[in-house]
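Observations on the three-dimensional arrangement
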Amino acid sequence: MKSFLYQEHTREEINRMAREGYMAVVALAATEQHGPHLPVSTDCLIGEYVAIQAVASAAREVPLLLCPLLSIGCSDHHLRFGGTLSFSSATYLHMLRDIGESLVRGGFRKIAFLNAHGGNEQIMHQTANDLAVKHPIWTASASYWNVSREALEAENAKEVGMVPGHAGGFETAIVLALREQLVDSIHEAVSADHSPRAWIHSGPPGTFIGRHQELTGMDGYTDTPHLATAERGLRYINAICAGVADWLIKTYRSMEQGEKSMKPS
């Protein structure tokens, strides 16, 4: 295959890959405020890098096709800070369903959503569920920080702050590694004694706790970025890419195994 990028193929090539059982990967991100020091493209920078590197690696073992990145997500909780583009949750759900329906109409029977923004997560899962209920297809969905959690723990990513957090040490370190010139001087832009909100992620996995105008932490970011370095960010992003690639391979193979188990012997 000349490329794993959906947009670089003709319709005939894409139709053939759909018939051959390729898994379409839909990468989700956001364009939103990331404090006074990070670009609004932070989730796009991280999400696109992870998607491209992970799919490139996984595609050596299983047939994958990466769709164009969705650069705007559900970010209404950031709108009050400015600099944010957002779809409402209802609009975003319909949009993701329409993308899934397009892939189904195009012949794809395996679809995986890969997310890089917290506000998209539950809507993404609901979309994957709805598509699998409606059509005889396989779907999967995950955010990069969940499928790479063990790899990030091995790299001690919490040494810089909340993982993933929002515009804190973790994301700042990764942007420093990817596009250092886009990060404003941390020591001038933000305070080193930024007050974290202890209730964020305080519940067990799978639960939610939040408050009006506090969903993103004080002043729109969760923790101070002062411990972030490009060297640390490189370790984290490499761990993420490896974890996501492994998830993509296992997901495809699980779908294949499941399909075989459903066929009469």
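In case you missed it, the structure is sitting above this.
What comes next is a walk through the structure. (Residues numbered from 1 in each chain as written. Predicted model: local features only at pLDDT ≥ 70, side-chain atom pairs only at ≥ 80, totals over all residues. Heavy atoms only, no water.)

1. Here we look at the packing of aromatic side chains
In total, this model carries three aromatic pairs according to the counting rule given. On the basis of an interplanar angle of 20 degrees and a centroid distance of 6.4 Å, the ring pair of Phe87 and Tyr92 is categorised as stacked. Given the relative accessible area of 0%, Tyr92 is considered buried. Centre to centre, the rings of Phe170 and Tyr236 are 5.7 Å apart; their planes meet at 25 degrees, and the pair counts as stacked. Of this pair, Phe170 sits in helix H7 (residues 169–179) while Tyr236 sits in helix H9 (residues 230–262), and the two are 66 residues apart along the sequence. Pair check on accessibility: Phe170 and Tyr236 agree, each one buried. (Phe/Tyr/Trp six-rings, centres within 6.5 Å; stacked < 30°, edge-to-face > 60°. Buried < 20%, exposed > 50% of the residue type's maximum accessible area, 1.4 Å probe, protein only. Helix = DSSP H or I, 4+ residues; strand = E, 2+ residues; numbered from the N terminus.)

2. A look at the packing of helix H2 (residues 42–58) against H7
Between H2 and H7, the shortest axis-to-axis distance is 10 Å and the interhelical angle comes to 70 degrees. In this view, H2 runs roughly perpendicular relative to H7, as classed from their interaxial angle. Handedness of the H2/H7 crossing: left-handed. Side by side, H2 and H7 meet where Thr42, Asp43, Leu45, Ile46 and Tyr49 of the first sit next to Glu171, Ile174, Val175, Leu178 and Arg179 of the second. In the contact of H2 with H7, the residues fall into six nonpolar, one polar and three charged. (Axes fitted to C-alpha atoms, helices over the stretch in contact; angles between N-to-C directions. Parallel < 35°, antiparallel > 145°, perpendicular 65-115°, else oblique. Left-handed = near helix turned anticlockwise from the far one by under 90°. Contact = heavy atoms within 4.5 Å. Nonpolar A, V, L, I, M, F, W, Y, C, P; charged D, E, K, R; others polar.)

3. Let's talk about the sheet that holds strand S4 (residues 138–143)
Strand order across the open sheet formed by four strands is S2-S1-S3-S4, with parallel pairing between neighbours. Two strands bound the open sheet, and with one partner strand each, they are strand S2 (64–66) and S4. In this sheet, adjacent strand axes meet at a mean angle of 20 degrees when their direction is disregarded. (Pairing = 2+ DSSP bridges.)

4. With respect to the packing of H2 against H9
If you want to describe how two helices pack, look at the angle between their axes and the distance between the axes. Where H2 contacts H9, the two axes come as close as 8 Å, and the packing angle between them is 50 degrees. Between H2 and H9, the interaxial angle falls into the category oblique. Seen along the crossing, H2 lies across H9 with a hand that is right-handed. Between H2 and H9, the residues in contact are Ile46, Tyr49, Val50, Gln53, Ala54, Val55, Ser57 and Ala58 and Ile237, Ile240, Cys241, Val244, Ala245, Leu248 and Ile249, respectively. Of the residues belonging to the contact of H2 with H9, the class tally is 13 nonpolar, two polar and no charged.

5. A short note on the pattern of salt bridges
Under the defined criterion, the tally for this structure stands at ten salt bridges. Between Glu256 and Lys110 there is a salt bridge, with its nearest N and O atoms 3.0 Å apart. Placement of the pair is Glu256 in helix H9 and Lys110 in strand S3 (residues 110–115), with a sequence separation of 146 residues. What makes Glu256 partly exposed here is its relative accessible area of 25%. (Salt bridge = Lys/Arg side-chain N within 4 Å of Asp/Glu carboxyl O.)

6. As for helix H3 (residues 89–105)
Taking 1.5 Å as the rise per residue, H3 with 17 residues should run 24 Å; its terminal C-alpha atoms sit 24 Å apart, in good agreement. Within the span of H3, buried status applies to Tyr92, Leu93, Leu96, Gly100, Leu103 and Val104. Projected onto a plane normal to the axis of H3, the buried residues spread over an arc of 120 degrees and lie on a single side. Among the exposed residues of H3, those pointing more than 90 degrees away from its buried face are Asp98, Ser102 and Arg105. Buried positions along H3 lie against strand S1 (23–28), S3 and helix H4 (121–134). (Expected span 1.5 Å × (residues − 1). Arc of directions from axis to C-beta.)

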